[in-house]
Amino acid sequence: RQPEPLALADANLQVPLVTGGTVGYANFDYAASAPAARVAVEAITDLLPRYASVHRGAGLPSQLCTTRYERAREQVARFLGCRDDDAVIFTRNTTDATNLLAHALPAEATVLVFDSEHHATLLPWRRAVRLPIPDSPADAVRAVHAALRELRRGEDAPGPVLLAVTGASNVTGEIWPIAELAAAAHRYGARIFVDAAQLAPHRPVDVAAADADYLALSGHKLYAPFGAGVLAGRTDWLDAAPPYLAGGGATALVGDATNDVRWSTGPARHEAGSPNVLGAVALGAVCEALRTGDRDAAIDRERRLTERLHAGLSGIDGVAVLTLFDAGTPRVGIAAFAVRGLDSDVLAAALSAEYGIGVRDGMFCAHPLTRRLLRHAGGELPGTAVRASIGLGTTTEHVDRLVAAVRRLAGDGPQWTYERLDGRPAP
Ligand code: PMP
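The structure displayed is predicted, hence computed values, not measured ones. (Residues numbered from 1 in each chain as written. Predicted model: local features only at pLDDT ≥ 70, side-chain atom pairs only at ≥ 80, totals over all residues.)

Turning to the pairing of strand 14 (residues 334-339), a few remarks are in order. Summarising burial for strand 14: six of the six residues are buried, a large majority. Where strand 13 (residues 319-321) and strand 14 come together, three bridges link them in antiparallel fashion. Bridging from a neighbouring strand, Val-319 pairs with Val-339 of strand 14. Relative to strand 17 (residues 385-389), strand 14 runs antiparallel, the two sharing four bridges. Across the sheet, the residue bridging to Ala-335 is Ala-388, located in strand 17. (Buried ≥ 20, exposed ≤ 12 C-beta atoms within 10 Å, placed from the backbone. Helix = DSSP H or I, 4+ residues; strand = E, 2+ residues; numbered from the N terminus. Pairing = 2+ DSSP bridges.)

Here is the structure:
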């Protein structure tokens, strides 16, 4: 059997309903973690029995794993459209990648960041200048121009400047104008980092064409397993920085004197310790499948489902779909929403227990943005939202089931009483 490149490993989950019977699971939580692609499962199944540490052993399994690990790096680089001399460093996830970049920035660097960012891109920087949440993509570009002009005019000539920005929002799904922001940054000699955690699973990314200096993604949002992510980009700061983790694998030579260490350059400098070979190889396999499969058809399909989802939810009385930019802004398959008079954790619990639908509720690790969107959406909304996000396994039936369920719950309320079991505040 020739597997379809973009097919998912089918878990065929049946959800028992509180109302009796079972129903096929409708996954609307792709933006948190996507189910594994079949190619990811196959890559792991193939390598697991011959599993050995890379760049360390002389035995055949070590050689094989080293080859596969380095091939995965090339597959990721091709998928991302990296320049020949870009580094591709395997990390645990996007959060790990942004923290690695923050660690590697020159000491005097300033980072420009919009308040709307996911906390992984908002928080890691030593010296950040926060920009207010923009009203439109064009407003974002203007704000970057203005901030960089201001920085350059300041009393002290600024050191290096980095703009850290999302490729697609994990709350609204809206796609940000990366190429324009990169051009704005470069005009003032600044660099740009793109958080592609949500963009890469839904749209082709081309680092070289967008002129992005750095980019990060998470394997577990890209149909690969947890624990494998990527930081890709320019080598100069990365090679000049102290290693992210000190230890074996990051060293070219360790002398007998206390501080006599020569660190490696290239990805090894920041990948000390035995790496996550299986995760990287699975991520590489998915990148290759997405690059070579019929992605246009998948994107088209997702776009239609996204429109159906947004139109369906927006048409329900008492439902506010959270968007920042105007309706014409391209977006990936995400719809965050809140229902007047209905707590989002209760709504999420009812969607699961009564309809077999999995969503996420809370503030989505983007507190300032979610707060602002809920505030702007008007009165009587709860303080948190529900996020429905789609991916390669989503069907029209799933979308229609979700829309019908939200209509029912918004009108009549849940059939059951739900309490948040652990009493935690929303994450
Ligand atoms: N950035 C964005 C836009 C995200 O959606 C996420 C995950 N919610 C992250 C960063 C962090 O990803 P991870 O948890 O895999 O580090």
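Quick look at unusual backbone geometry now. For Asp-211, which is not a glycine, the phi torsion comes out positive at approximately 60°. Assignment of secondary structure puts Asp-211 in the loop between helix 7 (207-210) and strand 9 (214-218). Of note in this structure, Cys-365 is not a glycine but carries a positive phi near 50°.

Now for helix 10 (residues 295-314). Taking 1.5 Å as the rise per residue, helix 10 with 20 residues should run 28 Å; its terminal C-alpha atoms sit 28 Å apart, in good agreement. Buried residues of helix 10: Glu-302, Thr-306, Leu-309, His-310 and Leu-313, and no others. Seen end-on, helix 10 carries its buried residues on one side only, within an arc spanning 90°. Those residues of helix 10 that are exposed and aimed more than 90 degrees away from the buried face are Asp-296, Ala-297, Asp-300 and Arg-304. Looking at the packing, one finds that the buried side of helix 10 touches strand 13, strand 14, strand 17 and helix 13 (396-412). (Expected span 1.5 Å × (residues − 1). Arc of directions from axis to C-beta. Contact = placed C-beta atoms within 7 Å.)

A few words on the domain arrangement of the protein. Domain boundaries in the protein define domain 1 (14-30 + 295-412) and domain 2 (41-292). Opposite the 26 residues of domain 1 that make contact, domain 2 presents 24 residues. When residues of the side of domain 1 that touches domain 2 are traced back to their parent elements, those giving at least two are helix 10, strand 14 and helix 12 (367-377). Per-element tally for the side of domain 1 that touches domain 2: the top contributor is helix 12, with five residues. Looking at the side of domain 1 that touches domain 2 residue by residue, the class counts come to 16 nonpolar, five polar and five charged. (Domains from an automatic or database assignment. Nonpolar A, V, L, I, M, F, W, Y, C, P; charged D, E, K, R; others polar.)

Let us look at the nonpolar core. Leu-181, Leu-215, Ala-232, Val-286 and Phe-337 are the most contacted members of the largest nonpolar core, which totals 132 residues. Here this core gets eleven residues from one element, more than from any other, and that element is helix 9 (residues 277-292). Formed jointly, this core draws a minimum of three residues from each of two domains, domain 1 (14-30 + 295-412) and domain 2 (41-292). (Core = buried A, V, L, I, M, F, W, Y, C linked by C-beta atoms within 7 Å.)

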